[in-house]
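Chain and residue survey
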Amino acid sequence: MMGAKPKPMLSKISLIIAALITLCAAHAQPHKRPPAPDSLRLYVFNCGSLDISDPERFRFKKEELATTNLSVACFLIVHPKGTLMWDVGAVPDSALKPGEKSATEGYATITQTLASQLAKIGYEPSDIEYLAFSHYHYDHVANANQFANATWLVRKVERDAMFAPKPPDKVNPANYAALKNSKTILITTDDYDVFGDGTVVMKLAPGHTPGHQVLFLKLKKTGPVVLSGDLYHYPEERRLKRVPTFETDQAQTVATREKIEAFLKQSGAQLWIQHDYLANSKLKKAPQYYE
Ligand SMILES: [Zn+2]
């Protein structure tokens, strides 16, 4: 019928107008990343929790643990010379639908997105210069695709496993597929000093996975801190010297733990066990930060 004809034209015009409005808005408020601070900052984000119903996989009975829950933390390190994201969650932001209070995938639940927490301190994922994971398990890399613009700092053995035709257990390749084309630095040394001044150093700590690493931070006020990756999950693992059943190499984990414990003594650094639910609940969360 004739009456229906003008519609496509109208909707085309309204689309153009909408695009113009968006362009003008973007022009009026260009995104500016926050200025670099004078000294190192560490932001901790709430990236959800893991509800572990079977702690036997960690060689524990329920009653041996203060809680079976594990926290999931994501970290932004802001150095005067640049920014580094360390571990990016267990559930991708896209799983949390508008209007929903939480999203659950497997063991993991989130109640807020990583991007919204970054936005509150003025950053967009595309602002971030460097991306690194303690290791490739799904609960550390879920939002990787959002950081594909960053330079990925990774050990070859981990990257090779992630993009192998048959990836290892506990990985979700769709959540990091975009990193395949990211600018990448393949780390070949046990220690990798990210900004060249000894304040942000990734340390090889294999066993949990072949290229598992921990992150040493030299914070002015807080003092030195090591972010554990999954060197331990429950604090009881450290005290009772239990090694989970699903390590890539259990003997290597034992040797690595000895090496890192010696480093902690020598450096005086605190160990922050990233999955330690009770310890994590006491940490300052962004927009607050450690310095
Ligand atoms: Zn983990």
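Structure: see above.
Residues numbered from 1 in each chain as written. Predicted model: local features only at pLDDT ≥ 70, side-chain atom pairs only at ≥ 80, totals over all residues. Heavy atoms only, no water.

**Some points on the pairing of strand β7 (residues 151-155)**
Look at any regular strand and the pattern is simple: side chains alternate between the two faces of the sheet. In terms of burial, β7 is largely enclosed, as five of its five residues are buried. The side-chain alternation of β7 yields two buried faces, one formed by Thr-151, Leu-153 and Arg-155 and the other by Trp-152 and Val-154. As judged from the two bridges shared by strand β6 (residues 130-132) and β7, these two strands associate in the parallel manner. Among the inter-strand pairings, Tyr-130 is bridged to a residue of β7, identified as Thr-151. Bridge analysis of β7 against strand β8 (residues 184-187) gives four bridges, and the strand direction is parallel. (Buried < 20%, exposed > 50% of the residue type's maximum accessible area, 1.4 Å probe, protein only. Helix = DSSP H or I, 4+ residues; strand = E, 2+ residues; numbered from the N terminus. Pairing = 2+ DSSP bridges.)

**A few points about the coordination of the zinc ion**
Here the zinc ion is held by Asp-139 (OD), His-140 (NE2), Asp-230 (OD) and His-275 (NE2), and the distances to it run 2.1 Å. In this structure, the zinc ion is coordinated by four donor atoms arranged in irregular fashion, with angles at the metal of 87 to 160 degrees. In primary-sequence terms, the residues that donate to the zinc ion follow D-H-x89-D-x44-H. Residue Asp-139 is located in helix α3 (residues 138-141), and its partner His-275 is located in the loop between β13 (270-272) and α7 (277-281); the two are separated by 136 residues in the primary sequence. Classification of Asp-139 as buried rests on a relative accessible area of 7%. (Donors = N, O, S within 2.8 Å, 3.2 Å for Na, K, Ca; no water. Tetrahedral: all angles 85-135°; square planar, octahedral: opposite > 155°, others 65-115°.)

**Observations concerning the state of the cysteines**
Applying the stated rule across the entire model yields one disulfide. Here Cys-47 engages in a disulfide with Cys-74; their sulfurs sit 2.0 Å apart. Its torsion about the S-S bond being -120 degrees, the disulfide of Cys-47 and Cys-74 is classed as left-handed. Taken as a pair, Cys-47 in strand β1 (residues 41-50) and Cys-74 in strand β2 (residues 70-79) lie far apart in primary sequence, 27 residues in all. You'll find Cys-47 and Cys-74 in the same group, each marked buried. (Disulfide = S-S within 2.5 Å.)

**Quick look at unusual backbone geometry**
Excluding glycine, most residues fall at negative phi; most peptide bonds, likewise, are trans. Here Ala-286 and Pro-287 are connected by a cis peptide whose omega angle stands at 10 degrees. Relative to the assigned elements, Pro-287 resides in the segment after α7. In this structure, Arg-59 is a non-glycine residue whose phi angle is positive, near 60 degrees. Inspection of the secondary structure assignment puts Arg-59 in the loop between β1 and β2. Arg-59 gets classed as partly exposed once you look at its relative accessible area, which sits at 38%. Unlike most non-glycine residues, Asp-87 shows phi in positive territory, near 65 degrees. Looking at the element boundaries, Asp-87 is found in the loop between β3 (82-86) and β4 (103-105). According to the relative accessible area criterion, Asp-87 is buried, its value standing at 1%.

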